[in-house]
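Summary of structural features
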Amino acid sequence: MTSNENLSEFTLSKDWQWLPLIGWTAAGLLLFASWLWPVTREAWDAFDVWVFHVMNGTVAQSDIWATIWALTGGRRFDVFSALLIFVIYLYYIGSGDFARFRHGLAFGAMTAVLLLVIIVLQRQIIAYPRLSPSLVLDGFNSILSVVPWSNAKEGSDRSFPGDHATVTMILAVLWWLGFTWRFGLVGVALAFFFALPRIAAGAHWATDAVIGGGSVTLIALALVSGTPIPWRIYRFALKPVDWVLSFWIRFADRLSPEGRDNVNPTRQVLRGMCIGAADLIPGVSGGTMALILGIYKRLIGAIAKLDRELIGLVARGQVLAAARHADALFLGTIGIGVLLSLIIFSRIIPLSMMVTNLPEITFGFFFGLIAASIVGLLSHVHMKGAGGWIWIGFGVVLGLLAATMVPVSTPDASWFIFLCGMAAVAAMLVPGISGSFVLLILGKYTDAIEALGRLDFSFIAPLAAGVVTGALLFSRAISWLLDHFYRQTLLTVIGVLGGSLLAVWPFKDRHYETIGTKVKLVRADPYIPSDFDLTVFFTIVAVLTGIFLYRFLDRLAQHAEAESI
């Protein structure tokens, strides 16, 4: 294990630097003093009132804004935002070479220690009782009055300083100094956007973030750039990091099939999270995501290797050979990512809630993602005359047939839930055909999401058994097709993706009926909007975001095993 740091990306101070220490500390104290001094306090108060009325006014302007703030202003979103920051960090350190990954793990440990100490000290030293704007100003628009299910925080008697803003602003500074200015800008953007929901809800003043968070961040910058304390914590963290990585490399080499790269587990976990999130959205396929990420053939092949030969190896006690045969390390890390997504998007930020309350924006995002993936895949396919277009046309027909199916009422017995699991996983394994959409057609999508959210194993157990059984059966058929008719299969898959765009077309008149005690979608009629309103604007933004995410995922796929199309 090498011990050389990537010094080109690491600029924390290794010695005492009095100029930045004194300068940044003074800047933080002056910023805080400008809020206390009566002359400048007037300007800050005027700024607070203006920002509050602008942001909180959006609640009354549009139900979409109110729903967005309802989704992003509660404790659940706090957990989600922390996980999102963690995922972005893992992606960044995992997308470079092994030196960056090693540096990133040690740097992450140092960051966690610094943040813990700074937040504890902030709460002990800066204890300023300040009522939030919702409790002080007139003209407050409550999100709860527009969105009855909202859990957004709308008031506080101790709003100063903003803890969330402090954490994200310090992260931005550390990412800037510890890695690159571009990664630092990502942190700045996160700090800005994560501060908005609480301000819009009336739970925080703008100066809670600008003054409170800003002052603490400047003093933290003095600590990082003017003292060797962070550097020493980093150096101390390198020792356990090197031990863990040495162990992991030996472990991965022993369990990986020849020629397979499993050294960096973060990449596969992140890919698994993308696949898991896609599987939860009706109309979006986990197989599609695996194809976009460049691991589709490997994933199908690994699942297909859960066969008699594997059982024989295990029976003979050849556990390592069995693990290499099934590419178990790859499947395991992908599976961890899928499981994390299922937990996050069923218990923390339920995607079913977003599909129900922001359908245009949610489906617009996936429409852009899938449309961009079709264009990207077509650019790598050799059509070879009219035959290629015939296969694509065949796929389009299959995709349209799947997209135009109508949900039906079905039994709730365990045997039927088992069959639903088999049908859903068969669809999940085929790009362009959504397992969630199959569950929706069979009347079990809402039940499945709710069962995952409350851990109802009377539903989860038969569904999981069906998923496992279906995966073992259908993966072999798909693997055979890929081995013998690879080009034709992929051309058909691209066509299915094209046909499936109808299923995720964002603008639809959705019709719901109460069946028993549950409200279920029974029909969705697509239309083209005639007016350019806020819904259309946000949907276009979501489509563009999906296209941008494809480029992001495409870069992640470049680290996967190359596939010839």
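Residues numbered from 1 in each chain as written. Predicted model: local features only at pLDDT ≥ 70, side-chain atom pairs only at ≥ 80, totals over all residues. Heavy atoms only, no water.

1. Description of the overall build of the protein chain
When helices and strands are tallied, the protein chain shows 24 helices and 2 strands. Burial statistics for the protein chain: of 565 residues in total, 52% are counted as buried. A separation threshold of at least 6 residues defines the contact pool for the protein chain, and within that pool the share at least 24 residues apart is 81%. Surface exposure of the protein chain reaches about 26500 Å², of which carbon and sulfur atoms provide 69%. (Helix = DSSP H or I, 4+ residues; strand = E, 2+ residues; numbered from the N terminus. Buried < 20%, exposed > 50% of the residue type's maximum accessible area, 1.4 Å probe, protein only. Contact = heavy atoms within 4.5 Å. Areas by Shrake-Rupley, 256 points an atom, 1.4 Å probe, with all protein chains shown as cover.)

2. Focus on the packing of aromatic side chains
Where two aromatic rings form a pair, the distance of their centres and the angle of their planes describe that pair. Within this structure, the stated rule accounts for 28 aromatic pairs. Both rings, one in F77 and one in F80, keep their centres 5.7 Å apart while their planes meet at 40°; by these two values the pair is tilted. With F77 and F80 both in helix α4 (residues 75-94) and 3 residues apart, the pair spans about one turn of that helix. Residue F77 is classed as buried on the basis of its relative accessible area of 14%. Each residue in the set Y89, Y92, F107, W175, F179 and F183 is aromatic and connected to the rest through ring pairs, giving one cluster. The ring centre of W231 lies 4.6 Å from the NZ or CZ of K14, which sits over that ring. A cation over a ring is seen here: R100 above Y92, with NZ or CZ 4.2 Å from the ring centre. (Phe/Tyr/Trp six-rings, centres within 6.5 Å; stacked < 30°, edge-to-face > 60°. Lys NZ or Arg CZ within 6 Å of the ring centre and 35° of its normal.)

3. With respect to the nonpolar core
Formed by 60 residues in total, the largest nonpolar core has its most connected members in W69, I143 and I275. In terms of residue count, helix α17 (residues 359-378) provides more of this core than any other element does, 10 residues in total. Not counting chain neighbours up to four residues away, the residues in contact with I275 comprise G286, M289, A290, L293, I295, L299, I334 and V338. Counting residues in hydrophobic clusters, the runner-up holds 57 residues, among them F77, M273, C420 and I460. (Core = buried A, V, L, I, M, F, W, Y, C linked by side-chain atoms within 4.5 Å.)

4. Things to note about the confidence of the model for the protein chain
Per-residue pLDDT for the protein chain has a mean of 81; in total, 86% of the residues score no lower than 70. Throughout residues 1-9 the model reports pLDDT below 50, and contacts reaching past four residues in sequence, or to other chains, amount to 21 contacts. (pLDDT = per-residue confidence, 0-100.)

5. Here's the deal with unusual backbone geometry
Backbone geometry at D327 places phi at a positive 50°, although glycine is not the residue there. Classification of D327 by relative accessible area gives buried; the value is 5%.

6. Regarding the environment of L223
Within the secondary structure, L223 is located in helix α8 (residues 206-226). For L223, a relative accessible area of 23% gives the class partly exposed. Measuring from C-alpha to C-alpha, the distance between L223 and L114 comes to 9.7 Å, with 109 residues separating the pair along the chain. Sequence-distant contacts of L223, defined by excluding residues within four places in its chain, comprise L114, I229 and P230.

7. Considerations on the pattern of salt bridges
When the charged atoms of two side chains lie near each other, side chains of opposite charge can form a pair. Per the counting criterion, the structure on display carries 7 salt bridges. As a salt-bridge pair, D78 and R75 come within 3.6 Å of each other at their nearest N and O atoms. One end of the pair is D78 and the other is R75, both in helix α4 and 3 residues apart, which spans about a single turn. Here the salt bridges share partners, and the residues they tie into one network are D48, R130 and D208. (Salt bridge = Lys/Arg side-chain N within 4 Å of Asp/Glu carboxyl O.)

8. Some words on the side chain of S225
By the secondary structure assignment, S225 is in helix α8. Separated by 2.7 Å, the side chain of S225 and the backbone oxygen of L221 make a polar contact. Each residue touching S225, except ones within four places of it in the same chain, is listed here: S13, Q17, P20 and W24. (Polar contact = N/O pair within 3.5 Å; in protein donor to acceptor, adjacent residues only side chain to side chain.)

9. Overview of a nonpolar patch on the surface
Together, F532, L534, F537, I540, V541, L544 and I547 make up a nonpolar patch on the protein surface, roughly 620 Å² of accessible area in all. When you line up the elements, F532 lands in the loop between β2 (518-526) and α24 (534-557). (Patch = residues over 30% accessible without salt bridge, like charges linked within 9 Å, V, L, I, M, F, W, Y side chains within 5 Å.)

10. With respect to helix α7 (residues 181-201)
Counted at 1.5 Å a residue, the expected span for α7 with its 21 residues is 30 Å, and the 32 Å between its end C-alpha atoms agrees. Positive backbone phi, approximately 85°, marks G202, located one or two places after α7. (Expected span 1.5 Å × (residues − 1).)

11. Here we look at the environment of D15
For D15, the location among the structural elements is in the segment before α1 (18-36). With residues up to four places along the chain from it excluded, the contact list for D15 reads G226, T227 and P228.

12. Overview of helix α10 (residues 265-279)
Count 3.6 residues to each turn of an α-helix, and residues three or four apart come out pointing the same way. The terminal C-alpha atoms of α10, which comprises 15 residues, lie 21 Å apart, in line with the 21 Å expected from a rise of 1.5 Å per residue. Across the 15 residues of α10, 14 count as buried, placing the element largely inside the fold.

13. Observations regarding the packing of helix α5 (residues 98-125) against α8
Following both chains from N to C, one finds α5 and α8 inclined at 135°, their axes separated by 12 Å at the closest point. Considered as vectors, α5 and α8 are oriented oblique to each other. α5 and α8 meet at a crossing whose hand is right-handed. Residues L114, I118 and Q122 of α5 lie in contact with α8, whose contacting residues are V216, A220, L223 and V224. Of the residues assigned to the contact of α5 with α8, the class counts are 6 nonpolar, 1 polar and no charged. (Axes fitted to C-alpha atoms, helices over the stretch in contact; angles between N-to-C directions. Parallel < 35°, antiparallel > 145°, perpendicular 65-115°, else oblique. Left-handed = near helix turned anticlockwise from the far one by under 90°. Nonpolar A, V, L, I, M, F, W, Y, C, P; charged D, E, K, R; others polar.)

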